[in-house]
Amino acid sequence: MLKDQIRNLKNEAIGEILEAKNPQELERIRAGFLGRSGKINRLTKEIPKLSPEEKKDLGQAINEAKINIESVLRQTQDKLSVQSDNHQKWFDVTAPGIRPPEGHLHLVTEAIREITSIFTSLGFHRARYPEAEWDWYAFEGLNMAENHPARDEWETFFIENLENKKLGKGVLTPHTSSGQLREMEKYPPPIRMINIAKCYRRQSDISHVPMFYQFEGLVIDREISITHLKGTLDYFAKNFFGPNRKIRIRPFHFQFTEPSFEVDISCGLCEGKGCKFCKEGWLELGGSGMVHPAVLKNGGIDPQKYSGFAFGWGVERTYMMKAGLKIDDIRMLYGNDLRFLKQF
Ligand code: FA5
């Protein structure tokens, strides 16, 4: 009988312990069962009245019950104290947070965005054409037949075992001019394209990287002349470099433009007077010219009706010519050195 009572008390105690919501309640349950005048101790007082045999049995049962209850108590105490620690950890929601390190866009991405917004404000649309391109778009269709010596300047990467019967070998495009014909095939005039894309050449030194960006402008409409070209480039230069910078165009040669020009910008340090950085007051920006009639024809546009201009400059070099920037080696832009990139 007494042994049954002990077992019931033990189950009752464990049941209550497992239901306890906080350490205070747990302490109250502990005292109620295991304390000096707790329920288990009250039963212990019955032992002297028993026979030696019964004493032994009951003593053993009481000890086992106590061990069980204490073990469940300890586990529950641990569990409740972890919960109450978490609960009681107070934090001030108004305290200033710890700022995670903040990055910024890469300089070249920033430059691309700025260039895009200047040209789109003039009504140009942003285009992108394939980096892996066919010979026709990169050379042949631009008036540079196979074996033409002008091709040498582009130091091209050819794609092994890739050839199209009509369009020739596969190349990594060495300039964004490959987008000219693609744009003409896609849209009838008037065309106002700004194609900004990656270009590849087998070059690497302080002013060359094997992968770089160019931005290519193409405008085709009726009666487009050199004054439109000059005006557009001037607008870009003033917005990108600042109102005091000027541009000039010098005669040059490209197979796909006639006439062709090299475009210079007045030096931002000496404002055109001549200094150590620029030598004669001018810095070279890139190529431009009036679209060659043969290229218009290849793009399906009648050169009797339409004329156009095009220009293609390197994003990195153009960015490096902003006043106040002194980046000596173009490769630093792609070196992934945070000490350099964080300065901008
Ligand atoms: C061209 O690529 C012509 N397609 C430009 C053009 C377009 C002329 C439309 C006329 C009409 P060029 O090879 O000069 O031209 O390259 C133009 C610019 O790209 C250079 O002035 C330079 O800023 C940049 N560039 C060329 N090669 C590299 C290189 N390896 N690394 C970084 N920038 C480069």
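Nothing here was measured: the structure is a model prediction, and the numbers come from that model.

Points about the site of the ligand
Here is step 1 of the chain: His-175, Ser-177, Arg-201, Gln-203 and Val-209 are the nearest of the 24 residues found near the ligand.
Here is step 2 of the chain: Contacts to the ligand include Leu-285, whose backbone N or O atom sits 3.5 Å from an oxygen atom.
Here is step 3 of the chain: Taking 680 Å² as the accessible area of the ligand by itself, protein coverage stands at 93%.
Here is step 4 of the chain: When atoms are counted within 2 Å of each cavity's grid points, the one that captures over half of the ligand is the largest pocket.
Here is step 5 of the chain: Among the elements of the structure, strand E6 (211–221), strand E9 (282–291) and strand E10 (307–314) are those that each provide at least two residues to the shell around the ligand.

Comments concerning the UniProt feature "domain: Aminoacyl-transfer RNA synthetases class-II family profile" (unreviewed entry) in the protein chain
Here is step 1 of the chain: Within this numbering scheme, the UniProt entry marks residues 113–321 as carrying the feature "domain: Aminoacyl-transfer RNA synthetases class-II family profile" (unreviewed entry).
Here is step 2 of the chain: Regarding residues 113–321, the helix share stands at 23% and the strand share at 36%, and the terminal C-alpha atoms are separated by 17 Å.

Quick word on the UniProt feature "binding site: Mg(2+)" (unreviewed entry) in the protein chain
Here is step 1 of the chain: The sites that UniProt annotates as "binding site: Mg(2+)" (unreviewed entry) are Glu-258.
Here is step 2 of the chain: Structurally, Glu-258 is set in strand E8 (residues 257–266).
Here is step 3 of the chain: Take Glu-258: its relative accessible area is 47%, and that puts it in the partly exposed class.
Here is step 4 of the chain: When neighbours within four sequence positions are excluded, Glu-258 is seen to be in contact with Met-290 and His-292.

About the cut-offs
- Residues numbered from 1 in each chain as written.
- Predicted model: local features only at pLDDT ≥ 70, side-chain atom pairs only at ≥ 80, totals over all residues.
- Heavy atoms only, no water.
- Near = heavy atom within 4 Å.
- Polar contact = N/O pair within 3.5 Å; in protein donor to acceptor, adjacent residues only side chain to side chain.
- Areas by Shrake-Rupley, 256 points an atom, 1.4 Å probe, with all protein chains shown as cover.
- 1 Å grid on protein atoms, 1.4 Å probe; cavity = no way out; pocket = protein on both sides within 12 Å on 5 of 7 lines; lining within 4 Å.
- Sits in = over half its atoms within 2 Å of the grid points.
- Helix = DSSP H or I, 4+ residues; strand = E, 2+ residues; numbered from the N terminus.
- UniProt positions renumbered as here; feature names shortened; annotations may be inferred.
- Buried < 20%, exposed > 50% of the residue type's maximum accessible area, 1.4 Å probe, protein only.
- Contact = heavy atoms within 4.5 Å.

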